[in-house]
Amino acid sequence: MKRRTCFEIVAVFLLMLTPKQVSQAAQITSDSGPGQLDIRSAAAHSIRITLKPLTFEDEFPFTPALSDRSYPEPAISLRQFDKPVKKKVGSLWVEVRPDPLRITVTNERQQPIQEIIFEDDCSITFRVGDQPILGMGEGGPVPKGNWRNEPIEFDRRGRLHTMRPRWQANAYGSRNPVALMIGTDGWGLFIATPWGQIDLRDSQRGRFTPWQPPAKPKEDPQADRRQRQRQHSQYVTQVQGKPPVDSITAGVFDLFVFDAHDPADIMKAVSVISGPAVLPPKWALGYMQSHRTLQDQDQMIDIVKAFRKKEIPLDSVVYLGTGFCPRGWNTQQPSFAFNLEVFKSAPSEVIRELHDLSVKVAVHIVPWSRDRLPTLRGTIPPQSDEPLDDSHILDYWKQHTDLVRAGIDAWWPDEGDWFNLFERMKRHQLYYQGPLSTQPNVRPWSLHRNGHLGIARWGGWVWSGDTNSAWKTLEGQIAVGINHSLSLSPFWGSDIGGFFPNEELTGELYVRWFQFGAFCPSFRSHGRTWWMRLPWGWGLTEMGPLESNENPVISELNNPAIEPICRQYAQLRYQLMPYTYTLARQARDTGMPMMRALWLHYPDDEAVRGLGDQYLWGRDMLIAPVYEPHAAERRVYLPAGKWYDFWANEQHLGGRTITRHINISKMPIYVRAGAIIPFDPVRQYTGQQVNEPTTIEIYTGANGEFTLYSDDGISLDYLDGKAAWTKMTWDDSARQFTIEPDTPEGTTSLPMNYRFRVELLPEGATREINYTDKKISIEFSNGDHD
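Bear in mind the structure is a predicted one, so any value in this text is a computation, not a measurement. (Residues numbered from 1 in each chain as written. Predicted model: local features only at pLDDT ≥ 70, side-chain atom pairs only at ≥ 80, totals over all residues. Heavy atoms only, no water.)

With respect to the pairing of strand E8 (residues 92–97)
In step 1: Here E8 shows a clear split, with Leu-92, Val-94 and Val-96 buried on one side and none of Trp-93, Glu-95 and Arg-97 buried on the other.
In step 2: Here E8 pairs with strand E9 (residues 102–106) via 5 bridges, running antiparallel. Across the sheet, Trp-93 pairs through a bridge with Thr-106, a residue of E9.
In step 3: From the end of E8 to the start of E9, which pair antiparallel, there are 4 residues, and Asp-99 there has a positive phi angle of about 55°. (Buried < 20%, exposed > 50% of the residue type's maximum accessible area, 1.4 Å probe, protein only. Helix = DSSP H or I, 4+ residues; strand = E, 2+ residues; numbered from the N terminus. Pairing = 2+ DSSP bridges.)

What to know about empty space enclosed by the protein
In step 1: For the coordinates displayed, the defined rule picks out 4 cavities of 30 Å³ or more.
In step 2: Put simply, the largest cavity is a space of about 170 Å³.
In step 3: Lining the largest cavity we find 17 residues, and of these Val-270, Ser-271, Ser-274, Pro-490 and Gly-591 sit closest to its centre.
In step 4: For the lining of the largest cavity, the secondary-structure elements that each account for two or more residues are helix H2 (263–274) and helix H8 (471–487).
In step 5: Ranked by residues supplied to the lining of the largest cavity, first place goes to H2 with 4 residues.
In step 6: Considering only residue class, the lining of the largest cavity consists of 9 nonpolar, 8 polar and no charged.
In step 7: Taken as a whole, the second largest cavity spans an internal volume of roughly 70 Å³.
In step 8: Together, Trp-397, Val-404, Ile-408, Asp-409, Trp-411, Pro-435, Gln-439, Val-442, Arg-443, Pro-444 and Trp-445 line the second largest cavity.
In step 9: Of the residues that constitute the lining of the second largest cavity, the class distribution is 8 nonpolar, 1 polar and 2 charged. (1 Å grid on protein atoms, 1.4 Å probe; cavity = no way out; pocket = protein on both sides within 12 Å on 5 of 7 lines; lining within 4 Å. Points joined across faces, edges and corners; volume = space filled by probe spheres on them. Nonpolar A, V, L, I, M, F, W, Y, C, P; charged D, E, K, R; others polar.)

Let's talk about the sheet that holds strand E29 (residues 621–623)
In step 1: The antiparallel open sheet is built from 6 strands, whose spatial order is E27-E28-E29-E34-E31-E32. The open sheet has two free edges, formed respectively by strand E27 (595–596) and strand E32 (651–653), since each of these has just one partner strand.

Points about the environment of Arg-567
In step 1: Mapping Arg-567 onto the fold places it in helix H10 (residues 562–575).
In step 2: Here Arg-567 is in contact with Lys-310, Glu-311 and Ile-312, once residues within four sequence places are set aside.
In step 3: A polar atom in the side chain of Arg-567 sits 2.8 Å from the backbone oxygen of Lys-310. (Contact = heavy atoms within 4.5 Å. Polar contact = N/O pair within 3.5 Å; in protein donor to acceptor, adjacent residues only side chain to side chain.)

Here's the deal with the environment of Met-300
In step 1: Secondary-structure assignment places Met-300 in helix H3 (residues 297–310).
In step 2: Residue classification places Met-300 among the buried residues on the basis of a relative accessible area of 1%.
In step 3: Between the alpha carbons of Met-300 and Phe-56 there is a distance of 57 Å; along the sequence they are 244 residues apart.
In step 4: Apart from residues no more than four positions distant in its own chain, Met-300 is found in contact with Leu-294, Tyr-319, Val-342, Phe-343 and Leu-354.

Observations regarding the nonpolar core
In step 1: With 231 residues, the main nonpolar core has Phe-190, Phe-519, Met-621 and Phe-737 as its most contacted residues.
In step 2: In contact with Phe-190, not counting residues within four places along its chain, are Ala-65, Leu-66, Val-178, Ala-179, Leu-180, Asp-254, Leu-255, Phe-256, Phe-258, Ile-273, His-452 and Leu-453. (Core = buried A, V, L, I, M, F, W, Y, C linked by side-chain atoms within 4.5 Å.)

Quick look at the side chain of Arg-585
In step 1: Inspection of the secondary structure assignment puts Arg-585 in helix H11 (residues 577–590).
In step 2: Within the structure, the side chain of Arg-585 is placed 3.2 Å from the side chain of Tyr-709, a separation counted as a polar contact.
In step 3: Discounting chain neighbours no more than four positions away, the residues touching Arg-585 are Leu-279, Tyr-709, Tyr-718 and Trp-725.

Considerations on the layout of surface pockets
In step 1: Size it by volume and the largest pocket reaches roughly 740 Å³.
In step 2: Broken down by secondary-structure element, the contributors of at least two residues to the lining of the largest pocket are H11, strand E37 (704–710) and strand E41 (754–761).

Focus on the pairing of strand E15 (residues 187–193)
In step 1: Buried residues dominate E15, accounting for 7 of its 7 residues.
In step 2: Pairing of strand E14 (residues 176–183) with E15, which is carried by 4 bridges, proceeds in the antiparallel orientation. Across the sheet, Ile-182 pairs through a bridge with Gly-188, a residue of E15.
In step 3: Here E14 folds back onto E15, and the loop between the two strands holds 3 residues, one of which, Gly-186, carries a positive phi near 120°.
In step 4: Note: E15 against strand E18 (residues 253–259), 6 bridges, orientation antiparallel. Residue Trp-187 lies in a different strand from E18, and its bridge partner there is Asp-259.

Here we look at the packing of aromatic side chains
In step 1: Taken as a whole and judged by the stated rule, the model has 43 aromatic pairs.
In step 2: Judged by centre distance (6.2 Å) and plane angle (80°), the rings of Phe-516 and Tyr-615 are edge-to-face. Of this pair, Phe-516 sits in helix H9 (residues 507–517) while Tyr-615 sits in strand E28 (residues 615–617), and the two are 99 residues apart along the sequence. Like Phe-516, the residue Tyr-615 is buried in the burial classification.
In step 3: The structure contains a cluster of three or more aromatic residues connected by ring pairs, namely Tyr-287, Phe-307, Tyr-510, Phe-514, Phe-523, Trp-536 and Trp-538.
In step 4: Sitting over the face of the ring of Tyr-71, Arg-48 holds its NZ or CZ atom 4.6 Å from the ring centroid. (Phe/Tyr/Trp six-rings, centres within 6.5 Å; stacked < 30°, edge-to-face > 60°. Lys NZ or Arg CZ within 6 Å of the ring centre and 35° of its normal.)

A word on the side chain of Arg-443
In step 1: Inspection of the secondary structure assignment puts Arg-443 in the loop between helix H7 (421–438) and strand E23 (446–448).
In step 2: In terms of polar contacts, Arg-443 uses its side chain to reach the side chain of Asp-711, at 3.1 Å.
In step 3: At a separation of 2.6 Å, a polar atom in the side chain of Arg-443 contacts the main-chain carbonyl oxygen of Ser-715.

With respect to unusual backbone geometry
In step 1: Note that the residue after Asp-99, namely Pro-100, is joined by a cis bond; omega there is -5°.
In step 2: Within the fold, Pro-100 resides in the loop between E8 and E9.
In step 3: Of note, the bond from Thr-193 into Pro-194 is cis; its omega dihedral lies within 30 degrees of zero at 0°.
In step 4: Not every positive phi belongs to a glycine, and Ser-358 is a case in point at roughly 65°.

So this is what it looks like as structure tokens:
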């Protein structure tokens, strides 16, 4: 008997009216038998396409990448058809043709979006176009040779993506693949189910091929122990990070097509289908100092006191576990027990002293192996039908609660690479719902090495893992952060300085990375030979514990130039906190990440589409990290419009590349004309009370608008709409600044009582205003100056 191909359209004869009246139709079938194609609206400017066997009973296949929400009935639902079907689905036009099954999507302006073909070999092909493709999760390719000499991948075209989740070092760090492709000529495609590899080597059409899980090794009592371990390890490597094998149903496809001609549309739609990001506690946007091999509790306290004395802002300290360093915060990992060789006093007393210095405390956590933690499942609080056994996340969370009572504020869940995709996502859920079950109105925070689209609704933050200290790595992390932010989560960061030290790690590399980190969502120094990750470490006479076979050269020490530059950028991070915290809220409301590809705001400028070594911090600030040693200049592309050099307040016309002369203290930053940027007084931690006013800096030369967001920065009250929205508008021709409430409908505005200093740049004219919640307009004359 002939085997049917995966997406064969089989001719069948339907009896109509009388036996003599027969019409021919095409039936959708698959390896699993007759099938059904459903196409419905997913969110604004997007559709959901589901192809499944008739024997598949659920409406959709399950994936934790998608939030639990209702969808409308399908606008197109086909089991058989004999001619093209064309219909408007939401705001998009969809045409379905048989033989082979082909779906063409256009928008209301008749702009082409995507053409998807279900091929006979079980693969899907789709239009690629001639413009860069971005997104696809975090990380990059496995190096083919000397990775320091290979170009950095930003545009995802040109290679086969195996989509294998993995630990990786070098320039990219860990690979957390997501099958969300964003074509910068106006399309997006997310293949939610099944998992598979994506081939982008062809210049015209991409190909998605479903993953074929390997067979689980059979227990062979005759095989020696090493052979069995090797077989098991090979199997785990092939399945880790992917959907569990028993969740896969052959012939089921679930994908989303997005109109990305306006990039804001796709970012919002992705946020809707995967769940809006929850807000972090404000302190998590401050500077974090990671520690490794510890001496004792006095050292822990003294380091924080040194930050305060040196006036380098700091909001949290992070402590690694024993086993990952010789002497960490706990006993040998995995462990929830404090290391009493470090803590001579009661750990709760030491943590209280750290809290008294106004820092939060985060600790490194490693999961139990499978024999003690077989899997991760369930919810907190548990549903009535969930067995509360060793695998339930509530049971595992209860092992953390003594640490919460001792004062631990946040979590750094490491490893767990053996977890499948569902377990990895469940781990993010665990570190959101678990803390809330113990401290119900305190925002949780956790930092993970593994993640996927959908973690933002669980407060998921990801860092790029164990990268090498190298200039090529610094360059690569820019592209990694942008693609991660487009397709996985708006919250990302890297180990400032790189994790694995070597002779390439110098004070110059560290300070350039620190400058970059000041404009990443997560601002955190970490790495082996960890004294060199302290902002003042390069001024010391010794490196501290040598935790690597390779280390910086001794001649790099006694360098007093690094600390003041780090102080400058840390203070700048805190001055920009009102702007940065607003970006976090924008990520929740609009799906727009904090770290933005230039394409998001300049989609018609082909010059920015493949530009992966500079980015926008929000809409208004352009960041160009320096990733070459001893650089005396940096070439920067400015999109159309007027731009101001942040440091010199000099105006430049955009639509061209300029050369910025630099020294080690300057990372090029440009601000868009019309931008309204709030600058706080310098704080030493986010919650510090200050008496000076917030400065509203207006970069003249164009009209501008900015809505400042604020809330208590701690609680979940923002979910009930308890916050403050303050709209600021600049009319450039009238030279008028207006400030007024902009409270969304259905929310409760917090009391507003602000003192603002309004400054026009570049001329420097200023006004001071006291703002409560009443509209105020002030005018500046052309002759005004400071």
